[in-house]
Structures are given as structure tokens and as C-alpha cells.
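As a plain string of letters, each chain reads:
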Amino acid sequence: MNSKRILVVGAGVIGSIYGGRLAENGAEVTFLARGKRLEELRTMGLRLQRMDRKNGRKEEEVSPPIRLIERLSSEDIYDYIFVTLRAEQVMEALPQLAGNRSETFVFMVNNAWGYEAWEQVLGRGRVLPAFPGAGGCIERGIVQYNLVQRCVQPTTLGEVDGTRTPRLRTLQRLLAKAGFPTSIQHNMDAWQKTHLALVVPMACAIYYDGGDNYSLANNREALLLTSKSLRENLAFLRRAGIGITPKKIAVMRYLSPSLMSDLLTNIFASSWAELFIMGHTLKARGEMLYLAKQFLTLAHQRGFQLPSLQTLLAPLAVDSVHEPS
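Remember, predicted model here, so these are calculated numbers, not experimental data. (Residues numbered from 1 in each chain as written. Predicted model: local features only at pLDDT ≥ 70, side-chain atom pairs only at ≥ 80, totals over all residues. Heavy atoms only, no water.)

Peer 1: What's the story with the sheet that holds strand β9 (residues 134-139) in this structure? I'm lost.
Peer 2: In any sheet, the strands associate via hydrogen bonds between backbone groups, in a parallel or an antiparallel arrangement. With mixed pairing, four strands are arranged side by side in an open sheet as β4-β3-β10-β9. In this open sheet, the two strands that pair with only one neighbour each are β4 (57-58) and β9. In this fold helix α1 (residues 13-24) packs onto β3 (47-52), β9 and β10 (142-147), with an angle of close to 105° to the strand it touches most, β9. (Pairing = 2+ DSSP bridges. Helix = DSSP H or I, 4+ residues; strand = E, 2+ residues; numbered from the N terminus. Contact = heavy atoms within 4.5 Å. Axes fitted to C-alpha atoms, helices over the stretch in contact; angles between N-to-C directions.)

Peer 1: Please explain the sheet that holds strand β11 (residues 155-157) as it appears in this structure.
Peer 2: Sheet architecture is open: eight strands sit in the order β5-β2-β1-β6-β7-β8-β11-β12, paired in mixed fashion. Single-partner strands in this sheet number two, and they are β5 (67-69) and β12 (182-184). Between one strand axis and the next, the sheet turns through 25° on average, direction left out of account. As paired elements, strand β8 (residues 127-131) and β11 share two bridges and run antiparallel to each other. Across the sheet, residue F131 finds its bridge partner in β11, namely T156. Where helix α5 (residues 166-177) meets the sheet, it contacts β1 (5-9), β6 (80-83), β7 (105-108), β8, β11 and β12, and its direction lies at approximately 70° from that of β6.

Peer 1: Any chance you could explain the packing of helix α8 (residues 220-239) against helix α11 (residues 285-301) here in plain terms?
Peer 2: In a pair of packed helices, the angle between the axes and the distance between the axes together describe the arrangement. Between α8 and α11, whose axes approach to 11 Å, the crossing angle comes to 45°. Relative to α11, the element α8 lies oblique. The chirality of how α8 crosses α11 is left-handed. In this structure, α8 uses N233, F236 and L237 to contact α11, whose residues at the interface are F295, L298 and A299. Its residues assigned to classes, the contact of α8 with α11 shows five nonpolar, one polar and no charged. (Parallel < 35°, antiparallel > 145°, perpendicular 65-115°, else oblique. Left-handed = near helix turned anticlockwise from the far one by under 90°. Nonpolar A, V, L, I, M, F, W, Y, C, P; charged D, E, K, R; others polar.)

Okay, here's the thing in C-alpha cells:
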């Protein structure tokens with residue numbers, strides 16, 4: 001495989017993980033960064049350290065070669081542009097991205113609305129939806145991270161129309177070479193809505209509890225409410241004709257709230273939840289609330305109420321949003 005030119009828009013945790021590992025494995029990677037993170041990368045370089053908190057193991061720190069830019073030129077063409085911004089930042093960034101002539105923008109961003117608004121700005125066929133299978137944090141300039149197990153959530157990607165294009169297969173091979181377990185979905189829209197149906201109540205439960213994942217694991221009231229929200233969300237997706245993807249998630253609809261609460265207790269009491277759920281939930285509160293409002297509004301537009309999710313959000317005084325789906 002020829003060396004690919006990659007631009008990463010957003011040098012936070014996810015952008016750093018994917019850009020760094022791709023650079024380690026032969027891609028020519030450039031970061032579009034600003035502010036404190038740009039200065040950090042200029043002075044320290046990109047520093048990655050894979051770690052397993054459960055077993056207390058850390059791999060040797062690596063510093064793959066990267067380039068840095070502050071502005072995107074229309075003439076600087078890349079094979080893939082990875083957009084790893086927070087959900088509420090995407091629309092503001094689109095006009096700048098649209099001025100570039102690269103053909104493929106890989107959006108590693110949660111999204112309840114679908115891709116029409118993105119394509120209206122960028123142009124039809126330039127959006128390639130994806131979602132990361134990694135998580136971590138930045139401590140003193142070092143990105144400490146791990147990959148999500150393949151059986152839980154590999155890096156997931158697919159074309160808007162569900163076809164398996166050459167660029168999609170090439171991207172999958174590129175990510176696999178960099179060590180990312182990957183999965184191609186034929187319906188990324190349904191996959192992302194299903195993902196939100198799960199992660200939104202789990203994140204909001206941490207806010208509702210007022211603590212962290214370990215505190216939540218011992219809050220039976222919050223766990224029962226979260227269990228009901230998960231069932232309501234999945235029922236909405238099925239009844240609205242959106243669908244539940246992957247289909248194995250549908251089994252959660254048949255678990256009793258008590259059994260689901262026991263399952264959630266084990267999840268939230270783990271170091272896995274600390275790395276992959278709590279860290280982002282607490283640091284990206286604005287994004288999580290934005291996505292929760294998106295999901296609620298989507299349900300309301302389809303004629304469905306999600307009372308348990310509304311109860312989880314009630315202490316935060318969250319109003320609905322009214323963007324087009």
C-alpha cells in the first residue's frame with residue numbers, strides 16, 4: 001500500500017490516537033491544530049503511550065513524526081481528512097473544510113441527525129462516517145490511551161449509501177495496518193443512532209448521580225432509571241423504523257430493569273468505564289448534552305417521548321433543540 005497523506009482536524013485524544021498510530025505505520029500525517037494543543041505539539045511533539053489500567057501495564061512511549069498546520073489551504077490535497085472534533089463544533093468547521101479540494105472527509109463524530117447537513121456544505125459524496133474504537137486522556141502532553149476490544153466496539157465505518165467502495169476498503173486496510181480492529185457497517189446512520197441510544201443515558205446517568213462511574217455503580221435509583229432509558233430508546237428506534245444496529249443490541253430490550261441494572265453495576269464499577277466512559281463524559285459535558293438534546297428532539301419529531309431520558313436530564317435543566325433531522 002502506497003503511503004497515504006492524512007490530515008487530522010482536531011488534535012485531542014481521538015485525533016492524536018488515530019493520527020499517531022497511522023504515522024507510526026507509514027502514513028504522512030498532518031495535524032490542523034490551534035491554541036494550547038498546537039503549542040504543546042510544537043514544543044513536545046506528539047507523544048503516545050498505550051496503557052491497560054486494569055492490569056497496570058504501560059507500553060513504551062512513542063513519538064511518531066507529524067506535520068503541523070494552523071490553516072487549511074484549498075490546494076493541499078489529502079487522501080483522507082479525519083474530522084475528530086466534538087459534535088457541537090462540526091457545523092462551524094464545515095465551511096473551512098469545504099474550501100479544500102480533498103475528496104474524502106472521515107467524520108469520527110457522534111451524530112443523531114444523519115449526514116444531509118454535512119453533505120450540503122461539503123458536497124455530495126465527500127462524507128465518510130466513522131466512529132472511533134479508542135479512548136484515553138492527555139496528561140502533561142502525553143496521550144495515554146487504549147483500544148476498545150473488537151467484541152465491544154471496533155473502529156466502525158461505512159459509506160453514507162451503504163456501498164463498499166474502493167476508498168472504504170482502502171481506509172479499512174490502512175486502519176488495520178495501524179492496529180485498529182475495524183468493522184464496516186452498511187447503515188452507519190442506524191448504527192450511530194443506536195450508539196447514541198446507549199451512550200447518552202449512560203453518560204447522563206453520571207451527571208444525574210453527581211459523581212463518577214464508581215459512585216454511579218452504587219446508585220441503584222440512577223441505574224434503574226438508566227435501564228429504563230436504554231429500553232425506551234431502543235424501542236423508539238425499532239418502532240420509528242430506524243432500526244437497531246448491530247442487531248445483537250436488540251436483546252437489551254428484553255432484559256428486565258433489575259437485570260439490566262446489575263449489568264450496568266458491573267460496567268460502571270470497572271476501570272474500563274473509567275477510561276472509555278467517564279473520562280470523556282466529564283471532560284466533554286457540552287458535547288454529551290448537545291447529543292442528548294439531539295436524540296430527544298429526533299424522538300419528538302418522530303412522535304415519541306423518552307420520559308426516562310428526560311428525567312435523567314431534568315437536574316441539568318436541558319431544553320430541546322430544533323434542528324432538522
